[in-house]
Amino acid sequence: AVVSTQSGHYGRGDVESPNKPDLTLKPISPLVCIEYNPKDPHCLVGGQYNGQLAFWDTRKGSQPIEVSAISKSHSDPLYKCIFLTSKTGTECFTTSTDGQVLWWDIRKMSEPTEQLVLDLTKSGKPTLGGISLEYEPTMPTKFMIGTEQGTVLSCNRKAKSPAERIVASYTGHYGPIYALQRNPFFPKHFLTVGDWTARIWAEEIRESSIMWTKFHKAYLTDGCWSPVRPGVFFTSRMDGCLDVWDYMFKQADPTLSIQVCDEALNCIRIQDAGGLIACGSHSGNVTLLELSSSLSQLQRNEKNSVTLMFERETKREKILESRYREMKMKERTKSQMEEINQNEEYDENPNDLVEEAEKNFWFTIEQERAGHEKKDREMAE
């Protein structure tokens, strides 16, 4: 396990001796995130608070082997880094609230190999800040970004032009998206965690998530799918609770809520085998929990049941989305007709308007004169 300390250092611990790290990494600036190289367990990269990316080889000690040049790095804290599937196994990409995604080769970190500006307005300037990333090795050209504005961006690295790299956006959260992950069994469905809710999305539905949790009293800080059960995911909260959601059992409330500590849980990470989950707290403590077999073993017919559930909810959202668009179209048509009618009224001949005004004027004068004459006759009698 890799854990953070209050000094900004990271320690690599052994579960057999939990009270003493067997290696402490010493970065230049406090570390915000860290990621192991899936092809080499001795190599890892870390995103620093000053925006630099650092690279370590644990066989060579606590100091970083190489650090990106500060002038070529992010200008805000580097919140997420992920290794890419490549022949060399040395490529990764990073994001930050400075509104950039940068690609790196750890063999040469003097400057990034590629850059993407997070801009939906196509002005060339960052309009969104990155907080989380998602990369699925089976979709090597696709990646996703969770922003601090609550929007998820779906991107294509191999697009013809930089403006076409951002393919779609999904908006549904009221604050930063701290966790973003595709379902390991159904990659076209992904989980987001932000504000007080966790949401499940279908890639084809952009207007709304297809499923979501209730609004919690405490802010959510992280989340992840179970690697062995497609209908199970986990969320952590600011009040120190870990929630286990099993959608095969119930959907309105967590299947299990555990008070892990009395302070905020900042992050969670689950073992690849699905039996252990580590929770990191605000003060740098890590709690390792063992899951029961019912939560760490695939249930009978679970894949089929989750498939049917996702299809049902996707179909429902499609119907609602279609209905919503139809209502918007009717409103637009109605407003256009009203505008046309108003324009027709204003388009009348000015001479006709003057003539009508004159008629009204003389009619009023005649009425007043007739009234005065009647009053004079009455007084004479």
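Residues numbered from 1 in each chain as written. Predicted model: local features only at pLDDT ≥ 70, side-chain atom pairs only at ≥ 80, totals over all residues. Heavy atoms only, no water.

Chemist: Just checking my understanding: could you explain the overall build of the protein for this structure?
Modeler: Counting its regular elements, the protein contains three helices and 26 strands. Relative to its length of 381 residues, the protein is extended, with a C-alpha radius of gyration of 31 Å against a globular reference of 21 Å. Here the C-alpha coordinates of the protein stretch approximately 125 × 50 × 40 Å along the principal axes. In the protein, which comprises 381 residues, the proportion classed as buried is 44%. (Helix = DSSP H or I, 4+ residues; strand = E, 2+ residues; numbered from the N terminus. Rg over C-alpha atoms; globule rule 2.2 N^0.38 Å. Buried < 20%, exposed > 50% of the residue type's maximum accessible area, 1.4 Å probe, protein only.)

Chemist: How do you make sense of the pairing of strand 17 (residues 189-194) when you look at a structure like this?
Modeler: Within a regular strand, side chains alternate between the sheet's two faces. Buried residues dominate strand 17, accounting for six of its six residues. Here strand 17 shows two buried faces, one formed by His189, Leu191 and Val193 and the other by Phe190, Thr192 and Gly194. Across five bridges, the pairing between strand 16 (residues 177-182) and strand 17 is antiparallel. Its bridge partner being in strand 17, Ile177 is matched across the sheet by Gly194. Counting the residues that bridge the hairpin from strand 16 to strand 17 gives six residues. As judged from the six bridges shared by strand 17 and strand 18 (residues 197-202), these two strands associate in the antiparallel manner. Bridge pairing in strand 18 places Val193 opposite Ala198. In this antiparallel pair of consecutive strands, strand 17 and strand 18, the connection spans two residues, and Asp195 shows a positive phi of 45°. (Pairing = 2+ DSSP bridges.)

Chemist: In this structure, what is going on with the pattern of salt bridges? I would like to understand it.
Modeler: Close approach of charged atoms allows side chains of opposite charge to pair. Counted under the stated rule, the structure contains 19 salt bridges. In this structure, the salt-bridge partner of Arg237 is Asp243, at a minimum N-O distance of 2.6 Å. Across this residue pair, the class does not change: Arg237 and Asp243 are buried. One salt-bridge network, in which partners are shared between bridges, spans Arg312, Glu313, Arg316 and Glu317. (Salt bridge = Lys/Arg side-chain N within 4 Å of Asp/Glu carboxyl O.)

Chemist: How should I be thinking about the sheet that holds strand 11 (residues 114-117) in this particular structure?
Modeler: Adjacent strands of a sheet pair through backbone hydrogen bonds, lying either parallel or antiparallel. On the basis of which strands lie adjacent, the open sheet formed by four strands has the order 8-9-10-11 and antiparallel pairing. Every other strand in the sheet has two partners, leaving strand 8 (78-83) and strand 11 as the edge strands with one partner each. Shown here is a sheet whose adjacent strand axes are inclined to one another by a mean of 20°, direction ignored. Note that strand 10 (residues 100-105) and strand 11 share four bridges and pair antiparallel. If you follow Leu102 over to strand 11, its bridge partner there is Gln115. (Axes fitted to C-alpha atoms, helices over the stretch in contact; angles between N-to-C directions.)

Chemist: Honestly, unusual backbone geometry in this entry has me stumped. Any pointers?
Modeler: Leaving glycine aside, a negative phi is the common case for residues, and trans is the common case for peptide bonds. One non-glycine residue, Asp195, lies in positive phi territory at about 45°. Tracing the chain through its elements places Asp195 in the loop between strand 17 and strand 18. Judged by relative accessible area, which is 0%, Asp195 ranks as buried. The phi dihedral of Asn301 is positive, around 60°, even though this residue is not glycine. Mapped onto the elements of the fold, Asn301 is located in the loop between helix 1 (293-296) and helix 2 (302-346).

Chemist: Just to check I follow, could you spell out the sheet that holds strand 25 (residues 276-281) for this structure?
Modeler: Pairing is antiparallel across the open sheet formed by three strands, whose spatial order is 24-25-26. Each of the sheet's edge strands pairs with one partner strand only, and the pair in question is strand 24 (265-270) and strand 26 (286-290). Neighbour to neighbour, the strand axes of the sheet diverge by 20° on average, direction disregarded. For strand 24 and strand 25, the ladder comprises five bridges, and the chain directions are antiparallel. Residue pairing across strands places Ile268 opposite Cys279, the latter belonging to strand 25.

Chemist: How should the pairing of strand 13 (residues 142-147) be read in this particular structure?
Modeler: Across the six residues that make up strand 13, a large majority, five, are buried. Examined bridge by bridge, strand 12 (residues 130-134) and strand 13 share four bridges and lie antiparallel to one another. Bridged to Ser132 within strand 13 is Gly146. When strand 13 meets strand 14 (residues 151-156), the two strands line up antiparallel, connected through five bridges. By the bridge assignment, Met144 is partnered in strand 14 with Ser154. Counting the residues between successive antiparallel strands, the hairpin from strand 13 to strand 14 contains three residues, one of them, Gly150, with a positive phi of roughly 90°.

Chemist: Even after reading the chapter, I still don't get the confidence of the model for the protein, so can you show me in this structure?
Modeler: Detailed conclusions should not be drawn from predicted coordinates in areas where pLDDT is low. Put simply, the protein has an average pLDDT of 88, and 92% of its residues get 70 or more. A low-confidence stretch, residues 3-7 (pLDDT under 50), is modelled with nine contacts involving residues beyond four sequence positions or located in other chains. (pLDDT = per-residue confidence, 0-100. Contact = heavy atoms within 4.5 Å.)

Chemist: Just checking my understanding: could you explain the packing of aromatic side chains for this structure?
Modeler: Think of a pair of aromatic rings as described by two things: how far the centres are apart, and how the planes are tilted against each other in angle. Per the counting criterion, the structure on display carries 15 aromatic pairs. Ring geometry for Tyr178 against Tyr219: centres 6.3 Å apart, planes inclined by 75°, an arrangement best described as edge-to-face. Here Tyr219 lies in the loop between strand 19 (211-212) and strand 20 (220-225) and Tyr178 lies in strand 16, a separation of 41 residues in the sequence. Classification of Tyr178 by relative accessible area gives partly exposed; the value is 35%. Using a relative accessible area of 24% as the deciding quantity, one classes Tyr219 as partly exposed. Here the aromatic rings of Phe233 and Trp245 are separated by 6.0 Å at their centres, their planes lie at 5°, and the arrangement is stacked. With Phe233 in strand 21 (residues 232-237) and Trp245 in strand 22 (residues 241-246), the pair connects residues that are twelve residues apart, well separated along the chain. (Phe/Tyr/Trp six-rings, centres within 6.5 Å; stacked < 30°, edge-to-face > 60°.)

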